[in-house]
Amino acid sequence: MIPISSIKVAVIAGAERTSQRMCEQLEGLWGAYLSFSYHSARSWEESMAEDVDLILVSSHAMFSRYSHILMNSKTHVQLIRRTLSLSGWEKIQSLPNGNYLVVNDERDSAVETIALIYELGLRHVNLLPSYPELTEQPVAHTAITPGELAYVPAGVDQVIDVGERVVDISTMVEMLTRFNLLNHSTTQILNEYATRIVSLSQGLRATMQGLMSTKNLFEETLNLVQDGVVTYDGEGMITFMNKTAEEILNLSLHQVAKRSIHEVWEELQLDDSFLDENVRNQLITIRSQNIIVNNRKISGRENAVEGVITFKIAKEVEELELKLRSQLRQNGHIARFHFSDIVTNSPSMRRVVDRAQRMAQNDLSILILGENGTGKELFAHSLHNASLRAKFPFVAVNCSALPESLLETELFGYEGGAFTGAKKEGKPGLFEQAHMGTIFLDEIGDISPHLQTRLLRVVQQKEIIKVGGTRVLPVNVRVIAATNRNLYKMIKEEKFREDLYYRLKVLQIEVPPLRERKEDIAYLVEHFWKRKGMSYPLPENFMAAAAHYHWPGNVRELENAIEYMAIMNESELEIQDLPFSFKEEERMAVSSYPIPPSHVEALPQQDNLLPAECVERDMEQFVLELILEAKITGLHTGRKNIRILARKKGVILAESSIRKLVDRLREKELVHVQIGRAGCQVTAKGYEYLKSKE
C-alpha cells in the first residue's frame with residue numbers, strides 16, 4: 001500500500017517567501033498526511049507537475065497570469081482561498097469611518113487583502129492599496145498590513161498588523177476530500193483550526209461541518225463492520241473502500257479512488273463478470289483466500305445506478321460462528337463461587353481474601369492481577385456474591401476469546417441494520433445485560449486501543465453507545481477486570497491507555513502464585529483428592545515432588561495433576577511418571593533430598609541414648625529428614641524403618657527415643673502421624689522448616 005505521507009502537494013505563489021509561509025501553515029496542520037513543497041510562479045516548470053499529486057495556486061490572479069503553464073498539466077490545480085486569523089480580525093472589525101492604507105509586498109497581494117477585508121464585512125471604510133512599486137503612495141494616517149511592516153510608507157501615524165493571511169477552511173476541506181482524508185481525526189483538526197480563523201462564509205462552514213460529520217459517521221460505521229465494503233458510482237469509478245476491504249485486496253483507498261472497478265479487478269486478475277448484475281453469496285478466490293462476495297446495484301444521485309460490493313473471508317465466518325457459540329455458552333449471568341470456596345492455608349493468601357471481602361462492599365472498580373491459574377475468576381465471582389449487587393446479573397466475558405469487531409458488538413450491542421447480517425431489531429450488549437450488577441472483563445490486557453477508548457467512556461461516564469447507533473444509554477454496572485499481563489509496562493510501551501488503567505485499578509487485588517505459598521500445596525492436594533472421592537493415600541513420593549515443583553500453571557495445574565493421579569494411581573508411580581515435568585537438576589534434588597547434616601556422622605554407638613553433643617532440636621531435624629527420605633525412596637515411615645535409616649547414617653536410636661522425637665514433631669505440626677503401617681507424613685510446615693535449614 002502507498003503510505004498517506006507520500007501524497008505530494010505543490011504550493012505556487014508570486015513570491016517564494018509567500019509560498020513558503022503558506023507551506024509552513026499547511027505543513028503544521030497536515031504534515032502527517034501530506035507532503036508540501038513551495039515554489040514561486042517564475043520558477044515553476046511544466047515538468048514539475050509530473051512529480052506531484054496536486055497543485056495549489058495562491059490566488060485567482062496568479063492562476064490567470066500563469067494559466068498557460070498550469071493548464072497544460074494533467075495534475076489537478078486548486079485555488080487557495082485565504083482569510084484572517086480571529087485575533088487579526090478583532091483588531092480592525094470596529095474601525096471608524098475613514099481612509100486606511102492596506103500595505104503588502106506586491107500589488108496583487110494588497111488588492112486581495114482589501115477584497116478579503118471587504119468580504120469579511122468591514123465595508124464602511126475606504127481602503128487604499130500600498131505596495132513598494134507604487135510611485136505615488138496614497139495619504140492616510142493609519143495603515144493595515146498582514147505582517148508586511150517593512151513596506152509601510154513614512155508618514156503613517158498608526159500601523160495595525162493583522163498578521164499573515166491564513167488558508168481558509170474551505171480550501172482544506174476540498175484538498176482533504178480529493179485524497180479521501182476526511183475522517184474523525186482530520187475533522188477534529190479542522191474543527192480546532194476553525195476556532196482560530198474567520199471563515200469566509202459561516203453558512204458554508206456549518207454546511208461543510210454537517211457534511212463532514214455525516215461522511216465520518218458513514219465511513220467509521222463501515223470500518224467497524226466485519227465485512228469488506230467497496231462502493232462505486234454510475235460510471236464504475238471506486239468511491240470508497242473500508243479497512244477490511246483494503247486488507248483483503250491488499251490495496252489502499254488512495255490507490256484505487258476514482259479508478260474503474262473493472263480496471264482494478266483486471267489488475268488483480270479477478271473475474272469481474274459478477275459486477276454487471278446483483279450477486280448474493282458468490283464464492284470467489286482472492287489472494288489464495290476463499291471469499292464470499294455480494295454485489296448490489298442501488299439507485300444513486302440523479303437516478304444513476306451505483307453499486308456496493310461486500311466481502312467475507314469464508315474461513316473467518318466459520319471461526320466466528322464457532323467462537324460466538326462457545327462464548328455464549330458461558331456460566332449464564334450468575335456468580336457461582338463465594339469466598340468460602342477459596343481453599344487456602346497460607347497467611348498471605350488469607351490476607352488477600354480479607355482485603356477482597358472488604359472491597360466487595362463498595363461499588364468501585366477492581367483490577368485483579370495474577371498469573372494464569374491462580375484463581376482470578378474465583379475472586380471475581382466471590383466479590384460479586386459478597387456485594388450489594390449479588391441479586392443482580394453477573395456477566396463474565398473473556399476479552400481474548402473474540403476478535404475486536406465481534407467483542408465490540410458483544411460488549412456494547414448494536415442497532416438494527418448496523419452491519420451486514422445484523423438483526424433488524426438490534427441486539428443488547430453485555431454492559432446492558434449487566435445493568436445493576438457486575439461485569440467481569442477477564443484478560444483485559446488483550447483488548448485493542450480502539451476498545452480501550454470505548455471502555456474508558458463506560459467506566460468513566462457510566463454510559464454506552466451501541467455500534468451503529470448515536471443514542472447515549474446510561475448503565476449502572478460495577479466493573480471487575482483481570483489480567484495476567486503487566487499493564488504498567490504496557491502503558492510505558494503505549495499499548496495500554498494510562499487513564500483507563502487508573503480507572504480500573506481504583507482497588508487492586510494481587511493473587512500470589514502457588515510457588516510463593518507452598519504451604520497451600522498439601523492443603524489443596526488433600527482438598528482435591530477428597531473431592532475426587534479417593535479413600536486411599538497418594539503415592540508417598542508425590543508430596544516431596546510437589547514441594548519442589550515450580551507450578552507454572554498454579555492451582556489449575558495442581559488440580560489437573562490430582563485428576564491425573566486419581567485416574568492413573570493403580571500402581572506405584574515413580575517420579576518420572578508424575579503428571580508434571582522436572583528439570584534434570586530438580587529430579588536429582590527430589591531423589592537425593594534430604595542429606596543428613598554432617599554433625600550427626602560417626603556418633604557413639606550407644607543404644608537408648610541420644611548423643612550428648614547433639615541438642616534435641618538437631619535430632620528433631622535429623623528424624624524429620626529421615627521421614628522425608630523414607631517417603632521419597634518408597635519406604636514405610638514407621639519407627640522401625642526410621643531406626644534402620646538412622647543406623648545407616650551412623651546414628652543409633654532406640655524406637656522409644658524415635659517415638660518421643662516424632663511426638664515433638666507432631667506437636668510442632670511438622671509431621672502428621674497416620675494410623676497403621678502408613679506411618680508419618682511430612683506436613684507443608686515441615687517442608688518449609690527443612691527448606692529453611694538448607
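Here goes a summary of the coordinates provided. (Residues numbered from 1 in each chain as written. Predicted model: local features only at pLDDT ≥ 70, side-chain atom pairs only at ≥ 80, totals over all residues. Heavy atoms only, no water.)

### Brief notes about the overall build of the protein chain
Quick note on the threshold: Per the convention used, a helix needs a DSSP run of H or I reaching at least four residues, while a strand needs a run of E reaching at least two, with both numbered from the N terminus. By the convention used here, residues are in contact when the closest approach between their heavy atoms is within 4.5 Å. Using the Shrake-Rupley algorithm and a 1.4 Å probe, accessible areas are obtained, with residue cover drawn only from the displayed protein chains.
Across its full length, the protein chain holds 27 helices and 26 strands. Long-range pairs, those at least 24 residues apart, make up 66% of the contacts in the protein chain with a sequence separation of at least 6. If you sum the accessible surface of the protein chain, you get close to 34,800 Å²; carbon and sulfur atoms cover 49% of it.

### Quick word on the nonpolar core
Rules: Think of a nonpolar core as a cluster: buried Ala, Val, Leu, Ile, Met, Phe, Trp, Tyr and Cys residues, connected wherever their side-chain atoms sit within 4.5 Å. Any residue under 20% of the maximum accessible area for its type is buried, any over 50% is exposed, and the rest in between are partly exposed; the area is computed with a 1.4 Å probe on protein chains only.
Of all hydrophobic cores here, the largest spans 43 residues; its most connected members are Trp551, Val623, Ile627 and Leu653. Residue assignment for this core shows that the elements contributing at least two residues are α20 (519-531), α21 (542-548), α22 (554-568), α24 (616-632), α25 (639-648), α26 (655-667), β26 (680-682) and α27 (684-692). For this core, the leading source of residues is α24, giving nine residues.

### Remarks on helix α13 (residues 347-359)
Where we set the bar: Multiplying 1.5 Å by the residue count of a helix minus one yields the expected span of that helix. Think of it as the arc spanned by the lines of direction from the helix axis to the C-beta atoms.
For α13, with 13 residues, the first-to-last C-alpha span of 19 Å sits near the 18 Å given by 1.5 Å per residue. Those residues of α13 that sit buried are Met349, Val352, Val353, Ala356 and Met359. On an axial view of α13, the arc spanned by its buried residues comes to 120°, and they lie on one face. Away from its buried face by more than 90 degrees, α13 exposes Arg351 and Arg358. For α13, the secondary structure elements touched by its buried residues are β16 (366-369), α14 (376-385), β23 (478-483), β24 (507-510) and α20.

### What about the pairing of β23?
Remember that side chains alternate between the two faces of the sheet whenever the strand is regular. Inclusion rule: The pairing criterion for strands is at least two bridges between them, as found by DSSP.
Of all the six residues making up β23, six are buried; the element is thus mostly covered by neighbouring parts of the structure. Because side chains alternate across β23, one face comprises the buried residues Arg478, Ile480 and Ala482, and the other comprises Val479, Ala481 and Thr483, equally buried. Relative to β23, β16 runs parallel, the two being bridged by four bridges. Looking at the pairing, Leu367 lines up with Ala481 of β23. With five bridges connecting them, strand β20 (residues 438-442) and β23 associate as parallel partners. Along β23, the bridge assignment pairs Phe440 with Ile480.

### A short note on unusual backbone geometry
Positive phi is not limited to glycine here, since Met436 has a value of about 75°. Note on placement: Met436 falls in the loop between α16 (430-433) and β20. Located in the positive-phi region is Glu443, a residue other than glycine, with phi close to 55°. Among the secondary structure elements, Glu443 is positioned in the loop between β20 and α17 (449-461).

### Some words on the packing of aromatic side chains
Threshold: In summary, the pairing rule links any two rings of Phe, Tyr or Trp, Trp by its six-membered ring, whose centres are within 6.5 Å, and it sorts them by plane angle into stacked for under 30 degrees, edge-to-face for over 60 and tilted for everything else. Charge over a ring is defined by NZ of Lys or CZ of Arg lying within 6 Å of the ring centre and within 35 degrees of the ring normal.
A full pass over the atoms with the stated rule returns seven aromatic pairs. Geometry around Phe412 places Arg454 over its ring, the cationic atom sitting 4.3 Å from the centre.

### Overview of the pattern of salt bridges
Operational definition: Salt bridge criterion: a side-chain nitrogen from Lys or Arg within 4 Å of a carboxyl oxygen from Asp or Glu.
Counted under the stated rule, the structure contains 27 salt bridges. Across the salt bridge formed by Glu408 and Arg454, the nearest N and O atoms sit 2.8 Å from each other. Taken together, the positions of Glu408 in helix α15 (residues 404-412) and Arg454 in helix α17 put the pair 46 residues apart, joining distant regions of the chain. Across the pair, exposure class does not vary: Glu408 and Arg454 are buried alike.

### Section: the environment of Arg196
Selection criterion: For the purposes of these results, a polar contact is taken to be a pair of N or O atoms within 3.5 Å, where, inside protein, one atom must be able to donate a hydrogen and its partner to accept one; residues adjacent in sequence count only when each atom of the pair is a side-chain atom.
Within the secondary structure, Arg196 is located in the loop between α7 (184-194) and α8 (202-224). Along the backbone, Arg196 and Leu84 are 112 residues apart, and their C-alpha atoms lie at a distance of 9.1 Å. Not counting the four nearest positions on each side in its chain, Arg196 is found in contact with Leu29, Ser85 and Leu86. For Arg196, the side chain forms a polar contact with the side chain of Glu192, separated by 3.1 Å.

### Brief notes about empty space enclosed by the protein
Applicable threshold: The definitions used throughout rest on a 1 Å grid laid over the protein atoms alone, on which a cavity is an enclosed set of points accommodating a 1.4 Å probe that cannot get out and a pocket is an open set flanked by protein within 12 Å on both sides along at least five of seven lines; lining residues are those having an atom within 4 Å of a point. Grid points are joined across faces, edges and corners, and a volume is the space filled by probe spheres set on the points. In this classification, the charged set is Asp, Glu, Lys and Arg, the nonpolar set is Ala, Val, Leu, Ile, Met, Phe, Trp, Tyr, Cys and Pro, and all remaining amino acids, among them Gly, are polar.
Scanning the entire structure with this criterion turns up four cavities of 30 Å³ or more. The volume enclosed by the largest cavity comes to roughly 130 Å³. Surrounding the largest cavity, Thr18, Arg21, Met22, Gln25, Arg82, Asn104, Asp105, Ser109, Pro146, Glu148, Glu164 and Arg165 form its lining. Looking at which element gives the most residues to the lining of the largest cavity, the answer is helix α1 (residues 16-30), with four residues. Of the residues contributing to the lining of the largest cavity, the split by class is two nonpolar, four polar and six charged. The space that makes up the second largest cavity amounts to roughly 60 Å³. As for the second largest cavity, its lining consists of Ala13, Gly14, Ala15, Thr18, Ser58, Ser59, Met62, Arg82, Glu106, Asp108, Ser109 and Glu112. It is helix α5 (residues 107-120) that contributes the most residues to the lining of the second largest cavity, three residues altogether.

### A closer look at the packing of α25 against α26
For clarity, the cut-off: Between N-to-C directions, angles cover 0 to 180 degrees, with each direction set by a line fitted to C-alpha atoms, over the stretch in contact for helices. Should an angle fall under 35 degrees it is called roughly parallel, over 145 degrees roughly antiparallel, and 65 to 115 degrees roughly perpendicular, with every other angle called oblique.
α26 packs onto α25 with a crossing angle of 105° between their chain directions and a minimal axis gap of 9 Å. Judged by the angle between their axes, α25 and α26 are roughly perpendicular. Of the residues in α26, those in contact with Arg639, Lys640, Ile642 and Arg643 of α25 are Glu655, Ile658 and Arg659. For the contact of α25 with α26, the class distribution of residues is two nonpolar, no polar and five charged.

### Regarding the sheet that holds β20
Backbone hydrogen bonds hold the strands of a sheet together, and the pairing may be parallel or antiparallel. With respect to topology, five strands assemble into an open sheet ordered β17-β20-β23-β16-β24, the strand pairing being parallel. Each edge of the open sheet is held by one strand with a lone partner, namely β17 (394-398) and β24. Ignoring strand direction, the axes of neighbouring strands in this sheet form an average angle of 15°. Relative to the sheet, α13 contacts β16, β23 and β24, its axis offset from that of β24 by approximately 155°. The strands touched by α14 are β16, β17, β20, β23 and β24; relative to β16, the strand with the most contacts, the crossing angle is about 155°.

### Looking at the side chain of Lys427
As for its placement among the helices and strands, Lys427 is situated in strand β19 (residues 427-428). Side-chain polar atoms of Lys427 contact the side chain of Glu410, separated by 2.7 Å. Among residues more than four places away in sequence, those in contact with Lys427 are Glu410, Gly413, Tyr414, Glu432 and Lys466.

### Some words on the sheet that holds strand β4 (residues 77-79)
In spatial order, the strands read β2-β1-β3-β4; together these four strands make up an open sheet with parallel pairing. Sheet topology places β2 (35-40) and β4 at the edges, where each strand pairs with a single neighbour. Strand-to-strand twist of the sheet, defined as the mean angle between neighbouring strand axes without regard to direction, takes the value 25°. Where strand β1 (residues 8-13) and β2 come together, six bridges link them in parallel fashion. By the bridge assignment for β2, Ala10 is matched with Ser37. Strands β1, β2 and β3 (54-57) of the sheet are contacted by α1, whose axis makes an angle of about 170° with β2. Contacts between helix α6 (residues 169-178) and the sheet are confined to β2, β3 and β4, with β4 contributing the most and set at about 160° to the helix.

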